[in-house]
Amino acid sequence: MEHKIHQGRNVKRFREMLGIKQEVLAFDLGDDWNQKKISLLEQKEVIDNALLQQISKVLKIPVEAIENFDEEQAVYNIACNFSDNAINNNGLNIQNNNSIDKIVQLHEEKIALYERMLKEKDEMMMRLEKLIQTK
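Everything quoted here is computed from the prediction, not taken from an experiment.

Engineer: I would appreciate a short explanation of the packing of helix α2 (residues 22-29) against helix α4 (residues 49-59) in the present structure.
Structural biologist: To characterise two packed helices, one gives the angle between the axes of the helices and the distance between these axes. The contact between α2 and α4 brings their axes to 10 Å, and the two run at 115°. Judged on the interaxial angle alone, α4 and α2 are roughly perpendicular. In the crossing of α2 with α4, the sense of the turn from one axis to the other is right-handed. In contact with Leu25, Asp28 and Leu29 of α2, α4 contributes Gln54, Ile55, Val58 and Leu59. Residue composition of the contact of α2 with α4, by class: five nonpolar, one polar and one charged.

Written as structure tokens, this is what we have:
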């Protein structure tokens, strides 16, 4: 089943993501545009290429983004690639662990290791002193 890209809906999505009101987009497109015309444009499944070029310049996004953006595919990609703290970056799975927590954990492990080493050193010194005293 072929899923068609709805270019008008994509214009609306990008406009909203950029925080641009319909009135502002209409003003930037020229005198023959108004809010009502933008609303009708956003309902069109296919938009004339010349108009897409003009809209892309106003929104400062590539024409291809408007022509190819598929919300279902974007949601699928986000669901697959952004789980908990994992981010899929060019096929590399990078875990974004909190660095400060990791440093604190390593520091605590280092202190515990030093304390064990000191305890073993003290025990060894006591054994050596006993050996010396018995001779």
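Engineer: Is there a simple way to think about the packing of aromatic side chains in this case?
Structural biologist: Working definition: an aromatic ring pair is given by the centre-to-centre distance plus the angle between the planes. Throughout the structure, instances matching the rule amount to one aromatic pair. Ring plane angle 65° and centroid distance 5.3 Å describe the contact between Phe14 and Phe69, whose orientation is recorded as edge-to-face. With Phe14 in helix α1 (residues 7-17) and Phe69 in the loop between α5 (63-68) and α6 (71-81), the pair connects residues that are 55 residues apart, well separated along the chain. Using a relative accessible area of 13% as the deciding quantity, one classes Phe14 as buried.

What counts and what doesn't
- Residues numbered from 1 in each chain as written.
- Predicted model: local features only at pLDDT ≥ 70, side-chain atom pairs only at ≥ 80, totals over all residues.
- Heavy atoms only, no water.
- Axes fitted to C-alpha atoms, helices over the stretch in contact; angles between N-to-C directions.
- Helix = DSSP H or I, 4+ residues; strand = E, 2+ residues; numbered from the N terminus.
- Parallel < 35°, antiparallel > 145°, perpendicular 65-115°, else oblique.
- Left-handed = near helix turned anticlockwise from the far one by under 90°.
- Contact = heavy atoms within 4.5 Å.
- Nonpolar A, V, L, I, M, F, W, Y, C, P; charged D, E, K, R; others polar.
- Phe/Tyr/Trp six-rings, centres within 6.5 Å; stacked < 30°, edge-to-face > 60°.
- Buried < 20%, exposed > 50% of the residue type's maximum accessible area, 1.4 Å probe, protein only.

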